[in-house]
Amino acid sequence: MRKLIRLLALSSWVALWCALPRASSAQTYYDIEGTVYAPGGQAAERVVVVLEDLTRSPVSQLITDADGRFRFSRVAAGTYFVVAKPNNKEFKTTMQRIELINSKHALELFPDYFVAAQQLGLVYVETASYREAIPPLVKAVEVNPKAPLAYLGLGIAALYLDRSDMAVDALERARGLDANSFRVHYFLGIALSNLRRFDEAEKALKTAVSLGGADRSGDTRLRLASIYNARGNQQQAIEEMEAYLRENPKAKNAESVRQALQK
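What comes next is a walk through the structure. (Residues numbered from 1 in each chain as written. Predicted model: local features only at pLDDT ≥ 70, side-chain atom pairs only at ≥ 80, totals over all residues. Heavy atoms only, no water.)

1. Focus: the packing of aromatic side chains
1) Next: With the rule as written, the count across this model stands at four aromatic pairs.
2) Next: Ring pairs connect the aromatic residues Phe-182, Tyr-186 and Phe-187, which therefore count as one cluster.
3) Next: In this structure, Arg-56 packs its charged tip against the face of Phe-81, placed 5.0 Å from the ring centre. (Phe/Tyr/Trp six-rings, centres within 6.5 Å; stacked < 30°, edge-to-face > 60°. Lys NZ or Arg CZ within 6 Å of the ring centre and 35° of its normal.)

2. Brief notes about the environment of Ala-230
1) Next: Along the chain, the position of Ala-230 falls in helix α8 (residues 218-230).
2) Next: For the pair Ala-230 and Arg-196, spaced 34 residues apart in the sequence, the C-alpha separation amounts to 9.3 Å. (Helix = DSSP H or I, 4+ residues; strand = E, 2+ residues; numbered from the N terminus.)

3. As for the side chain of His-185
1) Next: Mapping His-185 onto the fold places it in helix α6 (residues 182-194).
2) Next: Apart from residues no more than four positions distant in its own chain, His-185 is found in contact with Arg-175, Ala-179, Ala-204, Leu-205, Thr-207, Ala-208 and Leu-211. (Contact = heavy atoms within 4.5 Å.)

4. Some details on the sheet that holds strand β8 (residues 94-100)
In a beta sheet, neighbouring strands are held together by backbone hydrogen bonds and run either parallel or antiparallel to one another.
1) Next: Spatial ordering of the open sheet is given by β5-β4-β7-β8, a layout of four strands whose pairing is antiparallel. At either margin of the open sheet sits one strand with a lone partner, and together these are β5 (58-63) and β8. When the angles between neighbouring strand axes are averaged without regard to direction, this sheet yields 20 degrees.
2) Next: Pairing of strand β4 (residues 48-52) with β5, which is carried by five bridges, proceeds in the antiparallel orientation. Its bridge partner lying in β5, Val-49 is registered against Leu-62. (Pairing = 2+ DSSP bridges. Axes fitted to C-alpha atoms, helices over the stretch in contact; angles between N-to-C directions.)

In structure tokens form, the structure reads like this:
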């Protein structure tokens, strides 16, 4: 989902950035981020970076941090110039034109444009427009069968459309391409559980716990507890619920989980 662009400046300054899509109910926004380097290769801090529109009017301005990084957030689709203005007079101003194309429009122009198809599908997933997410994500995996993020998005959309069979197929493909993704194992565990394939679901959710750690495993433990309860393994269900409360003592549902434990 990242589009990397390398800027080679006349002054020997180098900036590397990428455009990342962000979801909105109305349209797609982007984050433009990168790093400015001095000619010797070291990160250049306190460099003024200006984002200009097609008319060369300033849209936003910031200063690079100690690592030379910069980030413009919530930028609408369009044509822009990213301008780095070094504070050392020995170096010239660096400028690069960048195109942020609306994914839906890009797909209309280029039906096999993988990045646009994946991006559009993932935006629909993030905005809970799951039915609309299916066609572009199917197109994305047709064009690039080795795209774990597209398979993950397809799996999530199918899961929320009560198509657990389709979700399992997509998420298993995602797992084969990215076995270290917490989200892949988590959603795969839910889909497998919906199909009452409890042994496989347990394995996937346990993997999610190990990958996510205490900060991300809360709901995963409750999913595991539900599986154990369905199989009549009450002691294991109790252990998972107790682990959940230890890791999330102030969770909004903590009291209801304690009441379930008492039962």
